[in-house]
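Residues per chain, in single letters:
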Amino acid sequence: MSAQGRTEAAGWAIDAHNLRKSFGGREVVRGISLKVRRGEIYGFLGPNGSGKTTTIRMLCGLLTPSGGGGRCLGYDIVRESRMIRLHVGYMTQQFSLYSDLTVGENLAFVARVYGMARPVELAERTAREMGLGARLNQLAGTLSGGWKQRLALAACTLHDPQLLLLDEPTAGVDPKARRDFWDSIHALASRGVTVLVSTHYMDEAERCHELAYIYKGRILANGPVDRIVAQSGLAAFSISGGRGLDDLARHLAGLPQVESVTFRGDEMHVAGRAGKALADAVHAACKARRLTCTADAPTLEDVFIHFMEDRPKVCGGEAGA
Ligand SMILES: Nc1ncnc2c1ncn2[C@@H]1O[C@H](COP(=O)(O)OP(=O)(O)OP(=O)(O)O)[C@@H](O)[C@H]1O
Ligand SMILES: [Mg+2]
């Protein structure tokens, strides 16, 4: 069986190993291995500059890895990048369509680039499917942010790709438009399209089947959200009861066993390494201030803060200022 056949038989849309990339002697992707099943939505998370875009660009053959390699849709990412580009839809981090063309013209242009038959008809049909039918004749530059992202998604799905690489597709988009956008992503996945999507939003991370957290060019954790949280070894508490939360936040942030303190309206969420030391310290501090403390589930955000070397301990309250 050919290498392509083997990868497809195993059901991997992406199968990359030990990817590395250096720019001017600085290594920014430092050994990333990634397997993504067909039809899966796979999230890519990590702070700014951690190497998400660089990895995505290597996967679709736009950047040559400095080391490692792999296959995308069964094609070698170095030697068969032309085939990958034909079967992959890549939505770049910046809106990259023509502002002075209409929605319909932009889509028809992309259809022609891919050599699709009847580009105008295809553009109109895709626009309707993506809810852009009423905006066909509107200049792309005059669309709101949410509609621009939707147009960009339409443009990268027009040639019926089997794999979508979406780089922060909903950055700066309002919650309703983000929900609609994610409904479209799930609809595409249910038709068998594989989606690799980078995001900084925790709610979006939770909508992925699996995800990888990248930090300084390396994957620190990967798998389904529940497993990542369960394996983190963190415990969390919810604290409420009125005044004194700010003082408590300052106190808790100073304790070595506490990793993060997050204000949520009138409540406070505290996370740290699970164990007696954390529980005793939090309960004692709450008792002294007559505040109510209950066990809470650690969140994905707690886990990501846990991974940061220079973690910001207090989030959302005066104590964090
Ligand atoms: N063409 C390039 N030349 C030199 N350095 C680059 C180039 N592209 C990326 N870098 C550097 O590589 C590192 C990783 O960048 P990358 O864009 O992959 O991060 P990212 O995780 O996508 O970040 P963000 O969340 O801000 O989009 C950064 O330090 C960036 O400055
Ligand atoms: Mg990026």
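Rules of the game
Residues numbered from 1 in each chain as written. Chains lettered and ligands numbered in written order. Predicted model: local features only at pLDDT ≥ 70, side-chain atom pairs only at ≥ 80, totals over all residues. Heavy atoms only, no water. Helix = DSSP H or I, 4+ residues; strand = E, 2+ residues; numbered from the N terminus. Buried < 20%, exposed > 50% of the residue type's maximum accessible area, 1.4 Å probe, protein only. Contact = heavy atoms within 4.5 Å. Areas by Shrake-Rupley, 256 points an atom, 1.4 Å probe, with all protein chains shown as cover. Lys, Arg positive; Asp, Glu negative; His and termini not counted. Charge placed at Lys NZ, Arg CZ, Asp CG, Glu CD. Near = heavy atom within 4 Å. Polar contact = N/O pair within 3.5 Å; in protein donor to acceptor, adjacent residues only side chain to side chain. Nonpolar A, V, L, I, M, F, W, Y, C, P; charged D, E, K, R; others polar. Core = buried A, V, L, I, M, F, W, Y, C linked by side-chain atoms within 4.5 Å.

Asks: Hey, could you run me through the overall build of the protein chain in this one?
Replies: Within the protein chain one finds 12 helices and 15 strands. Here the C-alpha coordinates of the protein chain stretch approximately 75 × 50 × 40 Å along the principal axes. Counting only residues that meet the buried cut, the protein chain has 50% of its 321 residues in that class. Long-range pairs, those at least 24 residues apart, make up 70% of the contacts in the protein chain between residues at least 6 apart in sequence. A total accessible area of about 15,100 Å² is found for the protein chain, and carbon and sulfur atoms account for 49% of it. Of the side chains in the protein chain, 39 bear a positive and 34 a negative charge, and the two mean positions are spaced by 4 Å.

Asks: It is not clear to me how the site of ligand 1 should be interpreted in this structure. Could you clarify?
Replies: Ligand 1 sits among 14 residues. The nearest are Gly49, Lys52, Thr53, Thr54 and Gln93. Within the side chain of Lys52, a nitrogen or oxygen atom sits 2.7 Å from an oxygen atom of ligand 1. Thr54 has a polar side-chain atom sitting 2.5 Å from an oxygen atom of ligand 1. Contact with the protein chains removes 63% of the 640 Å² of surface that ligand 1 exposes when unbound. When contributions to the shell around ligand 1 are tallied by element, the ones reaching two or more residues are β2 (26-37) and α2 (52-59). Among the elements that take part in the shell around ligand 1, α2 stands out by supplying 3 residues, more than any other. Residue composition of the shell around ligand 1, grouped by class: 3 nonpolar, 8 polar and 3 charged.

Asks: What is the right way to look at the nonpolar core in this model?
Replies: Note that soluble globular proteins tend to have their nonpolar side chains buried in a common cluster. One finds Ile41, Leu107, Leu151, Leu153, Leu164, Leu166 and Val195 to be the most contacted residues of the largest nonpolar core, which totals 34 residues. Contributions of two or more residues to this core are made by α4 (103-113), α5 (119-129), α6 (145-157), β7 (163-167), α7 (175-190) and β8 (194-198). Tallying contributions element by element places α6 first for this core, with 6 residues. If we ignore the near neighbours within four places in the chain, the residues touching Leu151 are Phe95, Leu97, Val103, Asn106, Leu107, Leu132, Ala140 and Leu143. Counting residues in each nonpolar core, the second largest holds 28 residues, with Phe44, Ile56, Tyr75 and Leu165 among its members.

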